[in-house]
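Each chain is listed here by its residues.
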Amino acid sequence: MAPVAVVTGANAGIGLAVCEQLLGIQPTLTLCLACRNEERAKQAKVHLLSLYPAAVIDIVILDTSSINSVLEAAKSLREKYGHINYLYLNAGIMETGGVHWNKIFSEIFSKRCAYALTTGEGLIVQKNSLTKDGLMKVFATNVFGHYVLLKELETCLGFESKTNQGLASQVIWTSSSNAQEQNFSLEDIQHEKGDEPYSSSKYATDMLSFALNQTLNKKGIYSHSTCPGLVVTNMTTGILPAWFWFLILPFILLMRLFIPSMTNSPAKGAKALVWLSQQRPETLDPATKYLSQCTITGKPYVATEKLKVKMDDSLNLLNQLEELRQVSLNRHVDSR
């Protein structure tokens, strides 16, 4: 049977670039665009079919900030596919309220330039809000919704999938260089009290990816975390105006001498995510983060670094998420 890939947030940016490259490598792939906006998903499908007219492309509407949407999407995915080979957990948001211009220019021309450019730490005024489920929106979108989706799809993953072909499944997370331990707390996993919700959520995905392997590897499900590097996408241009990116582009290209994570384009940022699909997952280290990077000439390659997470803390987070999932499912049942 043809392999199946499900990509959340597939209509633009890294998600769309992953879809393009997967189809280029595996023409027989069945690709599912799991997107929040149906019209944008249809536009992405038209674009992909213009590149690969024979491709099999499905669309499932999925808003990871909504538990009801996640459950409905998971039900649809279970009905469509007996086995999912690749589950790309890529959708994400960063709600912003402006930028700290003084800090941006002071950091860029300081010794902290490399750190500031690769992490964005403290440069952006971030906002957060509550979802209809009463969860912090960045946490719900970037972390919890994906966790619920994964749990709902377990019967389609790994050795225990309905059409068991003895094939493993890969769960591939889009994390970030902004995933910083100092912005995450096990006492506040939704980041209700902090001012760096995006960083907190991405560090949480690193922890979660690491912890999931403890229980899922024996089922033939392997989870890995990736970083696309600094990529100019609809998310970044929504944070900083297009003229700013145009202004600093020569500087960014120069910084590749010192900062290989300056991937700039979604196509190059997707390198590590697509590369993982070509590996035997059981041979990969679950404690490794896979990074999309570029040479000074712009040639993309995959680098690695150890995840900066602790097993006990990661399992603690996993337990908290599972408890929250059970509460959410009970509420969903009660409301029906």
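For the structure given in this document, a descriptive report is provided here. (Residues numbered from 1 in each chain as written. Predicted model: local features only at pLDDT ≥ 70, side-chain atom pairs only at ≥ 80, totals over all residues. Heavy atoms only, no water.)

## Focus on the pattern of salt bridges
As a working rule, side chains carrying opposite charge can pair if their charged atoms are close by. Inspection of the entire model under this criterion finds 11 salt bridges. Residue K42 is joined to E38 by a salt bridge in which the shortest nitrogen-to-oxygen separation is 3.6 Å. Of this pair, K42 and E38 both sit in helix α2 (residues 38-51), 4 residues apart, which is roughly one turn of the helix. K42 gets classed as partly exposed once you look at its relative accessible area, which sits at 42%. One salt bridge connects E181 with K310, and the closest N-O pair in it is separated by 3.0 Å. (Salt bridge = Lys/Arg side-chain N within 4 Å of Asp/Glu carboxyl O. Helix = DSSP H or I, 4+ residues; strand = E, 2+ residues; numbered from the N terminus. Buried < 20%, exposed > 50% of the residue type's maximum accessible area, 1.4 Å probe, protein only.)

## Examining the sheet that holds strand β9 (residues 288-294)
Within the open sheet, the 8 strands sit side by side as β3-β2-β1-β4-β7-β8-β9-β10. Their pairing is mixed. Whereas interior strands pair on both sides, the edge strands pair on one side only; in this sheet they are β3 (56-61) and β10 (300-306). Taken pair by pair, the neighbouring strands of this sheet meet at an average axis angle of 25 degrees, ignoring direction. One ladder, built from 7 bridges, connects β9 with β10; its direction is antiparallel. When the bridges of β10 are listed, L291 appears paired with A303. Helix α3 (residues 67-80) rests against β1 (4-8), β2 (30-35) and β3 of the sheet, and its axis sits at about 150 degrees to β3. (Pairing = 2+ DSSP bridges. Axes fitted to C-alpha atoms, helices over the stretch in contact; angles between N-to-C directions. Contact = heavy atoms within 4.5 Å.)

## Observations regarding the nonpolar core
Residues V6, I84, L87, F144, L149 and L321 are the most contacted members of the largest nonpolar core, which totals 52 residues. Contributing elements (two or more residues each) for this core: β1, β2, α3, β4 (86-89), α6 (137-152), β7 (169-174), α7 (197-216) and α12 (311-334). Excluding residues that lie within four positions of it along the chain, I84 makes contacts with V4, V6, L153, C156, L157 and S169. Counting 30 residues, the second largest nonpolar core, distinct from the first, contains L23, L31, L48 and Y290. (Core = buried A, V, L, I, M, F, W, Y, C linked by side-chain atoms within 4.5 Å.)

## Observations regarding the packing of aromatic side chains
A full pass over the atoms with the stated rule returns 3 aromatic pairs. When the centroid spacing of 5.9 Å and the interplanar angle of 10 degrees are considered together, the rings of F139 and F144 count as stacked. A centroid spacing of 5.6 Å and a plane angle of 35 degrees characterise the contact between W275 and Y290, whose relative ring orientation is tilted. Of this pair, W275 sits in helix α11 (residues 271-277) while Y290 sits in strand β9; the two residues are 15 residues apart in sequence, bridging distant segments of the chain. What makes W275 partly exposed here is its relative accessible area of 31%. For Y290, a relative accessible area of 4% gives the class buried. (Phe/Tyr/Trp six-rings, centres within 6.5 Å; stacked < 30°, edge-to-face > 60°.)

These figures capture arrangement, not role.
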